Amino acid sequence: MFPLRLRRSAVLLIAAVLSLGTLLAPPPAHAADPAVACLEAGRVWVVVDDGTGAVTGGCATDGSSGLAALTSAGFTVVANGGFVCQINGQPTTCDTSNKDWWSYFHRSQTTPGTFGAWEFSEVMASQYKPLAGSIEGWRLASLNDSTWPPKAPAYTPPAITPPDPDTSTPVTIPDAGFRRCLNETLGQPANATLTTTSLGSITQLECFYADIADLTGAQHLTNATSIKLEMHKISDISPLAGLTKLTTLSLDSNLVADASVISTLTSLESLDLDYNRLTTLQGLSQATSLVDLRVGSQQIAKVPTMTSVDGLTSLTALRTLDISSNGLVDLAALKGLRLTTLLAYGNKVTDLTPVGSITTLTELNVHTNPLSGLDPLAGLTSLVKLNARSTGLTSVGPLPTLPAITVVDLGRNPLTDAPRLRTATTLTDVGLESTGLTDAAWLADLPALTWFIGHSNQLTNLSALQGKTMRGWGALSQVVPINATAGVGFALPTLVDQTGDAIAPSVPKGVTASDGSYTATAPGTYTFAFSEKKNKSAKFAGKIVVTVTPAVAPAFTQGPSDTTAQEGDSVTFTAVASGDPSPTITWETSTDGTTWAPATVSTTAKNAATSTPTFTIGAASLAQDGLLVRATATNLAGSVTSSVATLSVTPRPVVVPGPEPTPSPTPVSPADGSPSAQPQPDQPPLAAAGAPSVLPLGVVAAALLAAGVTLVLRRGADPAVAARRFVE
């Protein structure tokens, strides 16, 4: 036997050895490798291999996408165009010149606790959803490496303990796409067994483009609050009946024609049935908890299936409604709703009167409807946003008077009064693309303006934007038409950019410029391109298109006419001539038709289609009797002479006072009853008392001379004229 002291020493030694053994024993795997704890918890482990053998890992707290997993695992990420181009500062630059790039891989469990091989991802990280309990891998690759697919990360998954098996009742899911969707949500292989317990654990379900047609088994999603199954082939949604915890349901782009089951979803607040085949909304009348309803584009082969929105009046909680692209004509069924947002674009609505009764509206989108006008919106004092593009509007209507209006898009309308918006001083966003806008000066009167789109108009001056802080603007594809005549100078409008600086247009071949005037000698179309230079990519640009037509020789459409006047009268001859450019008209006179002398009057009508001058003789004389008059029209294409008109001047009659009237004797009947004295048949009747006798002046002159009256005449004086003056 060992002495007591020795035994005590041995005990102490053994204890020490045991203690040392405890210190040297490896710790539990999950304590040594955080990847184990992460994966056993059903989360995503992310590894990054910089290509040199250095591998870094982290546990993702957000597995909604590969990009979210990478970021939430603690890595600093820079993405460019949806692609990850830099992780933790590598490579040093992030542009297209880089030859180094990050390759993306997945590694999931083939059976619980066992991982398969690395799989190179053909889906962008921003779009891929990692499986629960899987590994995401990133490795820096080089374009110089010809290996394809690129090398996977140098990382071996740890050994993990699989979770206890689910012993609850298995659920049959006939649709392979739906089964894969459910398993991916649970982080299981696509064909793993689904049970009532596993389906009951799903609170959010989201799958796209999986060709799901059959929702059998969905009735076990008893704890789901959000289901989004968009772009599939689902027609029967009856398996969703009774999911009373569901608040959000999106079945966008499916084949649903009957939505009556929606009334059983008593907690449903948001429903998206865009792009389905509904024919009526009556089945939604009991879904009184709905706040957001989207039922746009109900169509079969692009033919609308829903032509009425009846059935919504009981939805008093509804605030957002999308009924776009349904071929609707009448919106009367919307009266009484307390909507804040209405999307009714792409229909056939002409009258907005029912919309005008929804005074709670803050946003209205009615683009691509054949509207008769915006006047019914005059009472929408809370309206903030309006989209009325492509509606045929010619007027901005009551918009300038709406106190809350901030955003308007009236593009692609033939507006005639857009500048009236200058008084809507709350506007921040103005869209006036393709509206025929020629003047933008009024934009200076909008103090809050930060966004303007004016593409495809006729703008030449954007100095109204000077000094404004714009978050977005553009005025490209301006087309300014001008007409000109070959050989005739023309001016271009002044071009001014957004800072107030002048823009010099390009001068096309065939056009000469001199002191701001341009001339094209040949007919044709000439384009003067212009563009502002203050931005790397121009935001204000366009062209002035000058259509040059040939000069048209003059032609008289009305020549001077023969005119007869009494001497002393004013006489006017008129001629009308057409031509391009407008002709100059001169006048000539002649006494013999052979020798012509210029008249003293010449009239030119500048920039007019026709020239209409006149030639006036202030007081015609007998000496001008027989005078010949003609006009000549001239422009750069030639000249033409009018027909000849003849002036006839007749003497003016002289008025001679008649003799004093002799009182006629009063007839007295003789006592014997014989006839009273009567005028003789050949005796001329007496002139009325005081009535003048009208005789030609020549006759008057001869009578005066015969009576011994001597007329003293100046040399060359006309006796008839002297006689008239004597009589007068």
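Above this text you will find the structure in question.
Since this is a predicted model, take the numbers as computed values, not measurements. Throughout, a residue's number is its position along its own chain's written sequence, starting from 1. Residues qualify for local features only when their pLDDT is at least 70, as the model is predicted, and side-chain atom pairs are given and counted only at 80 or more; totals for whole chains, interfaces and linings, by contrast, use all residues. The basis for the side-chain values is all heavy atoms of the structure; hydrogens and waters are excluded.

## Re the overall build of the protein
Keep this limit in mind: Numbering of helices and strands runs from the N terminus; a helix is a DSSP stretch of H or I covering at least four residues, while a strand is a stretch of E covering at least two. Here's how the labels work: a residue is buried when its accessible area is under 20% of the maximum for its type, exposed when over 50%, partly exposed in between, all with a 1.4 Å probe on protein chains only. Contacts between residues were defined by any pair of non-hydrogen atoms, one from each residue, lying within 4.5 Å. For the area figures, the Shrake-Rupley method with a 1.4 Å probe applies, and any residue is considered shielded solely by the protein chains shown.
Across its full length, the protein holds 9 helices and 43 strands. The buried share of the protein, reckoned over its 728 residues, is 41%. Once local pairs closer than 6 in sequence are excluded, the contacts in the protein between residues at least 24 apart make up 42%. Put simply, the protein shows about 37,200 Å² of open surface, and 55% of that area lies on carbon and sulfur atoms.

## A few points about the pattern of salt bridges
Pairing between side chains becomes possible if they bear opposite charge and their charged atoms approach one another. Cut-off, in case you're wondering: We count a salt bridge whenever a side-chain nitrogen from Lys or Arg sits within 4 Å of a carboxyl oxygen from Asp or Glu.
With the rule as written, the count across this model stands at 12 salt bridges. Notably, a salt bridge pairs E433 with R389, separated by 3.5 Å at the nearest N-O pair. Here E433 is found in the loop between β24 (429-431) and β25 (451-453), whereas its partner R389 is found in the loop between β22 (385-387) and β23 (407-409), with 44 residues between them in sequence. Taking relative accessible area as the criterion, E433 reaches 15% and is therefore assigned buried. Connected through shared salt-bridge partners, R389, D409, R412 and E433 make up one network.

## A short note on the nonpolar core
Defined as follows: The criterion is simple. A nonpolar core is a set of buried Ala, Val, Leu, Ile, Met, Phe, Trp, Tyr and Cys residues joined through side-chain atoms within 4.5 Å.
Ranked by internal contacts, the top residues of the largest apolar core, which has 115 residues, are L229 and I262. Broken down by element, this core gets its largest block of residues, 5 residues, from strand β26 (residues 472-485). With sequence-adjacent residues up to four places away left out, L229 is seen in contact with F178, C181, L205, C207, I212, L215, I234, S250, L251, D252 and N254. In terms of nonpolar packing, the next biggest core, distinct from the first, is built from 17 residues, V571, I585, A645 and L647 among them.

## Some details on the state of the cysteines
Keep this limit in mind: The criterion for a disulfide is a pair of cysteine sulfur atoms lying within 2.5 Å.
For the structure on display, the rule yields 3 disulfides. Disulfide pairing places C38 opposite C59 at an S-S distance of 2.1 Å. The disulfide joining C38 to C59 has a torsion of about 80° about its S-S bond and is therefore right-handed. Here C38 is found in helix α3 (residues 34-40), whereas its partner C59 is found in strand β2 (residues 55-59), with 21 residues between them in sequence. A residue is classified by how much of its surface remains accessible, and C38, at 3% relative accessible area, is buried. Here C85 engages in a disulfide with C94; their sulfurs sit 1.6 Å apart. Every disulfide takes its handedness from the sign of the S-S torsion; for C85 and C94 that torsion is -55°, giving left-handed. For the protein, numbering the cysteines in disulfides from first to last along the sequence yields the connectivity 1-2, 3-4, 5-6.

## Some details on the packing of aromatic side chains
Just so we agree on the cut-off: For Phe, Tyr and Trp, where Trp contributes only its six-membered ring, two rings pair if their centres lie within 6.5 Å, and the inter-plane angle classes them as stacked under 30 degrees, edge-to-face over 60, or tilted in between. The rule is short: NZ of Lys or CZ of Arg within 6 Å of the ring centre and within 35 degrees of the ring normal puts a charge over the ring.
Evaluation of the coordinates by the stated rule reveals 12 aromatic pairs. Here W101 and W148 contribute two aromatic rings whose centre-to-centre distance is 6.2 Å and whose plane-to-plane angle is 25°, an arrangement assigned as stacked. One end of the pair, W101, is in strand β5 (residues 100-107); the other, W148, is in the loop between β9 (135-142) and β10 (170-171), with 47 residues separating them in the sequence. A residue is classified by how much of its surface remains accessible, and W101, at 25% relative accessible area, is partly exposed. Given a relative accessible area of 60%, W148 falls into the exposed group. Through pairs of rings, three or more aromatic residues link up here, namely W101, F105, W118, F120 and W148. Against the face of W596 rests R630, its NZ or CZ located 4.1 Å from the ring centre.

## A few points about the layout of surface pockets
Sizing a probe to match a water molecule and rolling it over the atoms shows the empty space that remains. For clarity, the threshold we go by: The way it works is a 1 Å grid over only the protein atoms, where trapped points that fit a 1.4 Å probe form a cavity and open points with protein on both sides within 12 Å along at least five of seven lines form a pocket, and then any residue with an atom within 4 Å of a point lines it. Grid points are joined across faces, edges and corners, and a volume is the space filled by probe spheres set on the points. For this scheme, ten residues count as nonpolar: Ala, Val, Leu, Ile, Met, Phe, Trp, Tyr, Cys and Pro. Four count as charged, namely Asp, Glu, Lys and Arg, and the remainder, Gly too, count as polar.
Roughly 990 Å³ of internal volume is contained in the largest pocket. Forming the walls of the largest pocket are 30 residues, and the residues nearest its centre are S64, K129, P130, E184 and E206. Among the secondary structure elements, those contributing two or more residues to the lining of the largest pocket are α5 (176-186) and β12 (204-208). Tallied by class, the residues present in the lining of the largest pocket amount to 14 nonpolar, 10 polar and 6 charged. Of the volumes computed, that of the second largest pocket is approximately 740 Å³. Contributing elements (two or more residues each) for the lining of the second largest pocket: α3, β6 (109-111) and α6 (196-200).

## Some details on the sheet that holds strand β8 (residues 119-120)
Inclusion rule: In this analysis, strands are considered paired if DSSP registers two or more bridges between them.
One open sheet holds the 5 strands; their spatial order is β2-β1-β9-β5-β8, and the pairing between them is mixed. Edge strands, defined here as strands with exactly one partner in the open sheet, are β2 and β8. Here strand β1 (residues 45-49) runs beside β2; their pairing, made up of 5 bridges, is antiparallel. Note on β2: the bridge partner recorded for V48 is T56.

## Some remarks on the side chain of Q298
What counts is decided by this rule: Definition of a polar contact: a pair of N or O atoms within 3.5 Å, with one able to donate and the other able to accept a hydrogen when the atoms are protein atoms, and with sequence-neighbouring residues admitted only if both atoms are side-chain atoms.
Mapping Q298 onto the fold places it in the loop between β16 (292-294) and β17 (299-300). For Q298, a relative accessible area of 0% corresponds to the buried category. Looking at Q298, its side chain comes within polar contact range of the main-chain oxygen of L273, at 2.8 Å. The residues touching Q298, leaving out its near neighbours within four places in the chain, are L273, D274, Y275, N276, R277, L278, V303, P304, T305, M306, S325 and N326.

## Quick word on α5
Every buried residue of α5 is listed here: G177, F178, C181, L182 and N183. Turning to α5, the residues buried within the fold contact β11 (194-195), α6, β12 and β13 (226-230). The N-capping residue of α5, defined by a side-chain oxygen 2.9 Å from the backbone nitrogen of G177, is D175. Directly beyond the C-terminal end of α5, a positive phi value near 75° is found at G187.

## Notes on the environment of P560
As for its position among the elements, P560 is in the loop between β31 (552-558) and β32 (563-566). The exposure class assigned to P560 is buried, which follows from its relative accessible area of 6%. P560 sits 71 residues away from A631 along the chain, and the two C-alpha atoms are 7.5 Å apart.

## Re unusual backbone geometry
Cis geometry marks the peptide bond from Q90 to P91; its omega dihedral reads -15°. Among the secondary structure elements, P91 is positioned in the loop between β4 (83-87) and β5. Cis rather than trans, the peptide bond between D580 and P581 has omega equal to 5°. Tracing the sequence through the fold places P581 in the loop between β34 (576-580) and β35 (584-590). With phi around 55°, S297 is a residue other than glycine that occupies positive phi space. On the basis of relative accessible area, S297 is assigned to the buried category, the value being 6%. Backbone geometry places S390, a non-glycine residue, at a positive phi of 50°. By secondary structure assignment, the location of S390 is in the loop between β22 and β23.

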